[in-house]
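The primary structure of each chain is shown beneath.
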Amino acid sequence: MKLHHDQHHASYVEKLNAALEEHPDLQARSAIWLLLHQRELPGAIRTAVTNNAGGHVNHSMFWRAMSPEGGGEPSGALADAIKRDFGSAAEFRAEFDDAGEKAFGSAWVWLARPQHGGKLEVLTTSGHANPLSQACFPLLLNDVWEHAYYLKHENRRAAYLKGWWPVVNWQEVARRFERSALPLEQRWQEDGGLALEA
Ligand code: MN3
């Protein structure tokens, strides 16, 4: 995880800053704004900005979704919603791991809530795409790029997924779940409602 943070995540930040070097107007924008406004980016930097802003946003959420004191079971309203939509927390974890294992290539696996409410969903995104681009609010995510599991788990993605749950920070997931219930105009601010600094 330290290598993942200090090298892989750091390289997205460096590349994003490099791509924006000659665009001070865009430097003032948040990474999530850049990710959600691809069409407003100059064509020459669009791909680099989108990929690296996505890398920064997703990893920023990822670190917050974990804690050395993590693990256990979800509680409160989040636990109720997981039970309602997946049957049980164990069934949710199994569906999440299965989706993560089957995701093709470099991807993320997510627990997300549709923007207009409704059932919680497990979904996957390719590269560094974020469910906010599909009108789903992200609650929990795991990184299934090879760089996440090639060292400790020797490239065994299924073992990595299964071994990750003891560090999941359910309090952070519950915080995101609460945010997902806010009215849209309160959530879809400059940072897409992700409240990454909170
Ligand atoms: Mn990663």
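Please refer to the structure placed before this passage.
What you see is a predicted model, and the numbers here were worked out from it, not measured in a lab. (Residues numbered from 1 in each chain as written. Predicted model: local features only at pLDDT ≥ 70, side-chain atom pairs only at ≥ 80, totals over all residues. Heavy atoms only, no water.)

Visitor: Now, about the sheet that holds strand 2 (residues 121–126): what can you tell me, with residues and values included?
Guide: Sheet architecture is open: 3 strands sit in the order 2-1-3, paired in antiparallel fashion. The two strands at the open ends of the sheet, each matched to only one other strand, are strand 2 and strand 3 (136–143). Across the sheet, the mean angle from the axis of one strand to that of its neighbour is 35 degrees, orientation sign disregarded. Judged from the 7 bridges that link them, strand 1 (residues 107–114) and strand 3 form a sheet pairing that is antiparallel. For Pro114, the partnering residue across the bridge sits in strand 3 and is Cys136. Lying over the sheet, helix 7 (residues 157–164) contacts strand 1 and strand 3, oriented at roughly 115 degrees with respect to strand 3. (Pairing = 2+ DSSP bridges. Helix = DSSP H or I, 4+ residues; strand = E, 2+ residues; numbered from the N terminus. Axes fitted to C-alpha atoms, helices over the stretch in contact; angles between N-to-C directions. Contact = heavy atoms within 4.5 Å.)

Visitor: Give me the lowdown on the layout of surface pockets, citing residues and values where you can.
Guide: Vacant regions in the atomic arrangement are exposed by a probe of water-molecule size rolled over the atoms. Estimates place the volume of the largest pocket at around 290 Å³. Along its surface, the largest pocket is lined by 14 residues, and Met1, Ala148, Lys152, His153 and Tyr160 are the ones closest to its centre. Counting residues per element, the ones that place at least two in the lining of the largest pocket are helix 1 (2–19) and helix 7. Ranked by the residues each element gives to the lining of the largest pocket, the list is headed by helix 7, at 3 residues. (1 Å grid on protein atoms, 1.4 Å probe; cavity = no way out; pocket = protein on both sides within 12 Å on 5 of 7 lines; lining within 4 Å. Points joined across faces, edges and corners; volume = space filled by probe spheres on them.)

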